[in-house]
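# A structural walkthrough
Each chain, written out:
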Amino acid sequence: MVRLDEIVARFGGDLVGDGSIAVRGIATLETAGADQLSFLSNPKYQGQLGATSAAAVILAPEATAACPVAAIVTPQPYLYYARVAQWLNPPPRPAAGIHPSAVVETEVPASVSVGPNVWIGAGAGIGENTVIGAGCAIGPGAEIGGDSLLHPNVTVAAGCRIGARAIIHSGAVIGADGFGFARDRDGSWVKIPQTGRVVVGDDVEIGANTTIDRGALADTVIGDGVKLDNQIQIAHNVQIGARTIMAGCAAIAGSTRVGAGCAIGGAANIIGHLEIADGVQVSAGTFVAKSITRPGVFTGTVPFMSHEEWLKNFARLRHLDAMADKIRALEQRLAELEKRT
Amino acid sequence: MVRLDEIVARFGGDLVGDGSIAVRGIATLETAGADQLSFLSNPKYQGQLGATSAAAVILAPEATAACPVAAIVTPQPYLYYARVAQWLNPPPRPAAGIHPSAVVETEVPASVSVGPNVWIGAGAGIGENTVIGAGCAIGPGAEIGGDSLLHPNVTVAAGCRIGARAIIHSGAVIGADGFGFARDRDGSWVKIPQTGRVVVGDDVEIGANTTIDRGALADTVIGDGVKLDNQIQIAHNVQIGARTIMAGCAAIAGSTRVGAGCAIGGAANIIGHLEIADGVQVSAGTFVAKSITRPGVFTGTVPFMSHEEWLKNFARLRHLDAMADKIRALEQRLAELEKRT
Amino acid sequence: MVRLDEIVARFGGDLVGDGSIAVRGIATLETAGADQLSFLSNPKYQGQLGATSAAAVILAPEATAACPVAAIVTPQPYLYYARVAQWLNPPPRPAAGIHPSAVVETEVPASVSVGPNVWIGAGAGIGENTVIGAGCAIGPGAEIGGDSLLHPNVTVAAGCRIGARAIIHSGAVIGADGFGFARDRDGSWVKIPQTGRVVVGDDVEIGANTTIDRGALADTVIGDGVKLDNQIQIAHNVQIGARTIMAGCAAIAGSTRVGAGCAIGGAANIIGHLEIADGVQVSAGTFVAKSITRPGVFTGTVPFMSHEEWLKNFARLRHLDAMADKIRALEQRLAELEKRT
């Protein structure tokens, strides 16, 4: 249990109400009980404020009047909630030390926790306080920064580098070979050795079953503070700028450079060899086949409809060019007629 | 070998022909040998019936006349085939017991089979007769129901719950953190702790490399009898109703609620915070960006064509609005002219 | 260090310059140092040739004149580069033998390397010189050909067959159950046992977290020399012809047959039960819902645009059919008018 005045002393904000109220955790406006803190940031949930049973609510100044319970007032309630939630929910830390079933072919600091059935190859380096979950495989010469957390069954291939404070979720594969082949005269494919690395900055989170391939000659580079959701595919030699965020199932093909501070929506695809400027937002489901040279929101999805409507409308897509021709012909005939009459 | 009359005694249906005929397994009409059972359900394969070498065929009443061999007649031949095939092909069950290489930090029933190099964390619960394949990682406090089968290299994170009779394929990750961040003033991202669980009902199948994230505050919930194919992404706080089925590579973004008895096609994407009614069918490849409030089939894919045709037609997509304007202008000019002449 | 005349003696091509020059590796034109070899194949990088610091450059005859340093001249510089790079960068080979932490329930040749925490089931067969990386799970009765390399954490299910010289990247799952269910009267789903195998030819590469499902009755078949990138989904009973190449996140639904020598772009989707001819190229992001009976390039993506433009244009997609009707009405009215005047 922590008191509201403790929270405000630590994180700032204005307290409205009794600072001695204590809370044991955070919940939504709808579900919070009398010993829980809640928050209001999305205006969609404003209607739930009046009926909340929370002990107190983190909210913006303009919502204070409508709050029936104690409040912590801050211009950015969602950010404030994130900070308090982190403080109240420290990630569980397994004890330091190497599990007897792990195979560790290198030296690791005493503060590191290496879980059951892990393999860490020769020459790999693991930073202080880092946790390597059960079943992870860390290849020879790979480096993982300090204070990082690798969930179970992560693979980091030989020679790749991950910065400090990384969070990598289960099933992620960092440093598989990029997809590069030269076509031989008989149509068979000759593999291009992928001799680059993956180099990941500090404070990066990588989602479950996400794959980041090593570079062909140069490295694949993920900037500081990048956040990648699940099942993202990053091809060889891609570069992603600092603090860019990508939602689930997005993919970036080879050698494309994505700027800093971008937001790539879920299932968006960016083809290879492009440049995406800083601050670009790509909407979910959009297929990007050209470079984007200025910030802004870019979209290219198709609307869905009932299957019957779709059958009628989308058949026309094969004839758009013919429709445009017909319009032009009509314009000419009509102009001709207008001249005459 | 089982006799046809044994099959009919067990599963019903009408036997046409000699009940003492014995079969050793099931094959397609085209490939079945004289000691195999076959089935006809898709009318596309009707033409293969006359030439089949099968010992007997499971089929619908209207196909009986054309069948050159013994037949088991039932209104639902595909369902009948499924049942017979399950009976003839019980999944291989490794012996009960804990493999000496496994690390099991909890008590499990004697009927459970725990494979090589498995990790099961403290406080986890495994139901009777469940099989945990090689290399699986089951986090602390997770629960897996009885009679379940986890194929090798599955990850179930701390505190998540899986119901009875689950089948989970290799590489699936249940309970990685949802993707939630608050943006700080300097553009960096502050992680929202994901303190909810994944709660999966009974009789659920989860495909290879599928990911289901844990909830932010509340849980992510998968209903009874749901079937998920490979490489599906289910984001945090999604709810999926009972008996909904999703094909490969489909994805559902955060907090969306999908109803019961839905069918989501392969590679379909549903964005976050939507409501999808019971009984909705989303066609493969469709991008769903609005709630769907009634059952039916919904589609939104684009036709493919030769690249040259595509270049001509799809360039027009950027000018649809201008085309509509031109049509309106033509209509006005023509009306004007019609008035005059 | 190898000398240029050694390279030419081994791989052919015409040497322009001093054959005694020695190089220690390959780099791009821009980054190569005085002891490195480079290459020019993509005309896009022609401009970098004049300023390169490389010791020598692999290039085509027409580029020779502009080359400021020694050159190896060949009609196919990219292929030549691939071969030299393979020779200079042999994949690291862990020592032969079975790691003490591995669980191997079958006999494997002495030349095989089995890494830490691997499981190989009873009756499985591993070819000479094959490397099984840490944490792999090879099911009972599976067969892996000789000279293959399975990176860490690969799963190959019971009874599946992989040919010689395979490269399989981390997280790939070969032989999970296909997705097949019959619907029962109450809306629940009855599993169809997936009793086929996955059969993979020789010289196949399979990317990280790619999934290939086993067949329902017959097998799923991947031809010789096929190259699959990361996160590809191949459903049950798919057949892929020899030397076909598929980029990341592509997916093929059940029972579709893809010909030989095809190139399937990233994130392309092909629905089930289709036939794709030999030599077909499907552009990235394209959704293929009909069989393709002749070679060629096929495309079906939508252009992206600024979100505002998109809002205007794409709303029209719901009304394409109405637009076509309006054009037809205009044509009739205009013809009528033209007759009269």
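Here the structure is a predicted model, which is why all the values come from computation and not from measurement.

Once that is clear, we can look at the overall build of chain A. Check the secondary structure of chain A and you find four helices and 38 strands. For chain A, the C-alpha radius of gyration of 27 Å lies well beyond 20 Å, the compact-globule estimate for 341 residues. Considered along the principal axes of its C-alpha atoms, chain A spans approximately 90 × 65 × 35 Å. With 341 residues in all, chain A has 57% of them scored as buried.

Partitioning chain A into domains gives domain 1 (2-88), domain 2 (97-298) and domain 3 (307-340). Centre-to-centre, using C-alpha coordinates, domain 1 of chain A lies 58 Å away from domain 3 of chain A.

Let us look at the UniProt feature "active site" (unreviewed entry) in chain A. Residues and elements named next belong to chain A. According to UniProt, the feature "active site" (unreviewed entry) maps to His-236 in the numbering used here. Its place among the elements puts His-236 in the loop between strand E27 (233-234) and strand E28 (239-240). Taking the relative accessible area as the measure of exposure, His-236 reaches 15% and is therefore buried. A polar contact is formed between the side chain of His-236 and the side chain of Gln-194, at a distance of 2.7 Å.

With 74 residues of chain B at the contact, the number on the chain A side is 71 residues. Between chain B and chain A, roughly 5,900 Å² of surface is buried when both sides are summed, and carbon and sulfur atoms account for 62% of that area. By the criterion of area lost to chain A, the three top residues of chain B are Phe-179, Leu-217 and Phe-287 of chain B, representing 12% of everything that side buries. The interface formed by chain B and chain A contains four salt bridges. Where Asp-184 of chain B meets Arg-83 of chain A, a salt bridge forms, and the shortest distance between an N and an O atom there is 2.4 Å. Contributing elements (two or more residues each) for the side of chain B that touches chain A: strand E20 (173-176), strand E21 (181-183), strand E22 (189-191), strand E25 (211-213), strand E37 (287-288), strand E38 (296-299), helix H3 (307-315) and helix H4 (320-340) of chain B. Examining the composition of the side of chain B that touches chain A, we find that nine residues originate from one element, H4 of chain B, more than from any other. Classifying every residue of the side of chain B that touches chain A gives 35 nonpolar, 23 polar and 16 charged.

This part takes up the pairing of strand E6 (residues 56-59) of chain B. Residue and element names in this part refer to chain B. On E6, burial covers both faces: Ala-56 and Ile-58 on one face and Val-57 and Leu-59 on the other are all buried. Relative to E6, strand E5 (residues 36-39) is paired through three bridges, and the arrangement is parallel. Looking at the pairing, Leu-37 lines up with Ala-56 of E6. Relative to strand E7 (residues 70-73), E6 runs parallel, the two being bridged by four bridges. Bridge assignment links Ile-58 to a residue of E7, and that residue is Ile-72.

For the rest of this paragraph, the subject is the relation of the copies chain B and chain A. For the pair chain B and chain A, the relating rotation is 120°, the translation along its axis is 0.0 Å, and the fit reaches an RMSD of 0.1 Å. Here the symmetry operator amounts to a three-fold rotation axis.

Our focus in this paragraph is the packing of H4 of chain B against helix H4 (residues 320-340) of chain C. Two numbers describe how H4 of chain B lies on H4 of chain C: the axes approach to 10 Å, and their chain directions differ by 30°. Here H4 of chain C runs roughly parallel to H4 of chain B, going by the angle between their axes. The handedness of the crossing between H4 of chain B and H4 of chain C comes out as left-handed. Each of Leu-320, Met-323, Ala-324, Ile-327, Leu-330, Glu-331, Leu-334, Ala-335, Leu-337 and Glu-338 of chain B in H4 of chain B lies in contact with H4 of chain C, whose residues at this interface are Leu-320, Met-323, Lys-326, Ile-327, Leu-330, Arg-333, Leu-334 and Leu-337 of chain C. Its residues placed into classes, the contact of H4 of chain B with H4 of chain C shows 14 nonpolar, no polar and four charged.

Ordered in space as E39(B)-E37(C)-E35(C)-E32(C)-E29(C)-E26(C)-E23(C)-E18(C)-E15(C)-E12(C)-E9(C)-E7(C), the 12 strands form an open sheet in which the pairing is mixed. The sheet terminates laterally at strand E39 (305-306) of chain B together with strand E7 (97-98) of chain C, the two strands that pair on one side only. Strand direction decides the pairing type here: E7 of chain C and strand E9 (residues 113-114) of chain C, joined by two bridges, are parallel. Bridge pairing in E9 of chain C links Gly-97 of chain C to Ser-113 of chain C.

Further remarks concern the interface of chain B and chain C. Between chain B and chain C, the residue contacts involve 71 residues of the former and 74 residues of the latter. A combined buried area of about 5,900 Å² lies between chain B and chain C, and 62% of that area is made up of carbon and sulfur atoms. Broken down residue by residue, the surface that chain B buries against chain C is led by Phe-304, Arg-318 and Asp-321 of chain B, which jointly contribute 12%. Scanning the region where chain B abuts chain C turns up four salt bridges. Residues Glu-205 of chain B and Lys-191 of chain C are paired through a salt bridge, measuring 2.8 Å at the closest nitrogen-oxygen approach. Seen at the junction of chain B and chain C, the total is 24 residue pairs in polar contact (both at pLDDT 80 or more).

Our focus in this paragraph is the packing of helix H1 (residues 4-11) of chain B against helix H2 (residues 77-88) of chain B. Two numbers describe a pair of packed helices, the interaxial angle and the distance between the axes. Residue and element names in this part refer to chain B. One way to put it is that H1 packs onto H2 with a least axis distance of 11 Å and a crossing angle of 115°. What the angle tells us is that H1 and H2 run roughly perpendicular. Crossing hand, H1 versus H2: right-handed. Touching Glu-6, Ile-7, Val-8, Arg-10 and Phe-11 of H1 are Tyr-80, Arg-83, Val-84 and Trp-87, all from H2. Within the contact of H1 with H2, the residues separate by chemical class into six nonpolar, no polar and three charged.

All names here are of chain A. Two elements, strand E16 (residues 155-156) and strand E19 (residues 173-176), share two bridges in a ladder whose sense is parallel. Within E19, the position partnered with Thr-155 by the bridge is Val-173. Pairing of E19 with strand E24 (residues 211-213), which is carried by three bridges, proceeds in the parallel orientation. By the bridge assignment for E24, Ile-174 is matched with Ile-212.

Per the stated rule, a full pass over the model turns up 39 salt bridges over all chains. Close ionic contact of Lys-339 of chain C with Glu-336 of chain C constitutes a salt bridge, the shortest N to O distance being 4.0 Å. Here Glu-336 of chain C and Lys-339 of chain C lie together in helix H4, a separation of three residues that amounts to about one turn. Residue classification places Glu-336 of chain C among the partly exposed positions, given a relative accessible area of 41%. Each of Asp-177 and Lys-191 of chain A together with Glu-205 of chain C takes part in a single network of salt bridges with overlapping partners.

This part takes up the sheet that holds E37 of chain B. Strands sit in the order E9-E11-E14-E17-E20-E25-E28-E31-E34-E37 (chain B) across an open sheet of 10 strands; the sheet is parallel. A single partner strand is all that each edge strand has here, and the edge strands are strand E9 (103-104) and E37 of chain B.

Before going further, it helps to spend a moment on the packing of aromatic side chains. Following the criterion strictly, the structure yields 24 aromatic pairs over all chains and no others. Aromatic side chains Phe-11 of chain B and Trp-87 of chain B sit 5.7 Å apart centroid to centroid with 70° between the ring planes, which places their arrangement in the edge-to-face category. Pair noted here: Phe-11 of chain B is in helix H1 and Trp-87 of chain B is in helix H2, with a separation of 76 residues, a long-range link. For Phe-11 of chain B, a relative accessible area of 23% gives the class partly exposed. A residue is classified by how much of its surface remains accessible, and Trp-87 of chain B, at 26% relative accessible area, is partly exposed. A ring pair is formed by Phe-39 of chain C and Tyr-78 of chain C, whose centres lie 6.2 Å apart and whose planes are at 45°; its orientation type is tilted.

Our next topic: helix H3 (residues 307-315) of chain A. Along H3 of chain A, the positions that sit buried rather than exposed are Trp-310, Asn-313 and Phe-314 of chain A. Buried residues of H3 of chain A fall within an arc of 85° about the axis and therefore sit on the same side. Against the buried residues of H3 of chain A lie strand E38 (305-306) of chain A, E38 of chain B together with H4 of chain C.

On to the environment of Ala-263 of chain C. Residue and element names in this part refer to chain C. With respect to the secondary-structure elements, Ala-263 resides in strand E32 (residues 263-264). Assessed through its relative accessible area of 25%, Ala-263 is described here as partly exposed. Along the backbone, Ala-263 and Ala-247 are 16 residues apart, and their C-alpha atoms lie at a distance of 8.0 Å.

Looking now at the state of the cysteines. For the structure shown, the criterion picks out zero disulfides over all chains. Cys-136 of chain B takes part in no disulfide bond, and the closest cysteine sulfur to it belongs to Cys-160 of chain B, at a distance of 14 Å.

The subject of this paragraph is helix H1 (residues 4-11) of chain A. Residues and elements named next belong to chain A. For H1, the complete set of buried residues consists of Leu-4, Ile-7 and Val-8. Looking straight down H1, one finds its buried side chains confined to an arc of 95°; they lie on one side. Of the residues in H1, the exposed ones pointing more than 90 degrees away from the buried face are Ala-9 and Arg-10. Remark: Gly-12 follows H1 within two positions and exhibits a positive phi of approximately 80°.

Calculation criteria
- Residues numbered from 1 in each chain as written.
- Chains lettered and ligands numbered in written order.
- Predicted model: local features only at pLDDT ≥ 70, side-chain atom pairs only at ≥ 80, totals over all residues.
- Heavy atoms only, no water.
- Helix = DSSP H or I, 4+ residues; strand = E, 2+ residues; numbered from the N terminus.
- Rg over C-alpha atoms; globule rule 2.2 N^0.38 Å.
- Buried < 20%, exposed > 50% of the residue type's maximum accessible area, 1.4 Å probe, protein only.
- Domains from an automatic or database assignment.
- UniProt positions renumbered as here; feature names shortened; annotations may be inferred.
- Polar contact = N/O pair within 3.5 Å; in protein donor to acceptor, adjacent residues only side chain to side chain.
- Contact = heavy atoms within 4.5 Å.
- Buried area = accessible area lost by both parts, 1.4 Å probe.
- Salt bridge = Lys/Arg side-chain N within 4 Å of Asp/Glu carboxyl O.
- Nonpolar A, V, L, I, M, F, W, Y, C, P; charged D, E, K, R; others polar.
- Pairing = 2+ DSSP bridges.
- Least-squares fit on C-alpha atoms with pLDDT ≥ 70 in both.
- Axes fitted to C-alpha atoms, helices over the stretch in contact; angles between N-to-C directions.
- Parallel < 35°, antiparallel > 145°, perpendicular 65-115°, else oblique.
- Left-handed = near helix turned anticlockwise from the far one by under 90°.
- Phe/Tyr/Trp six-rings, centres within 6.5 Å; stacked < 30°, edge-to-face > 60°.
- Arc of directions from axis to C-beta.
- Disulfide = S-S within 2.5 Å.

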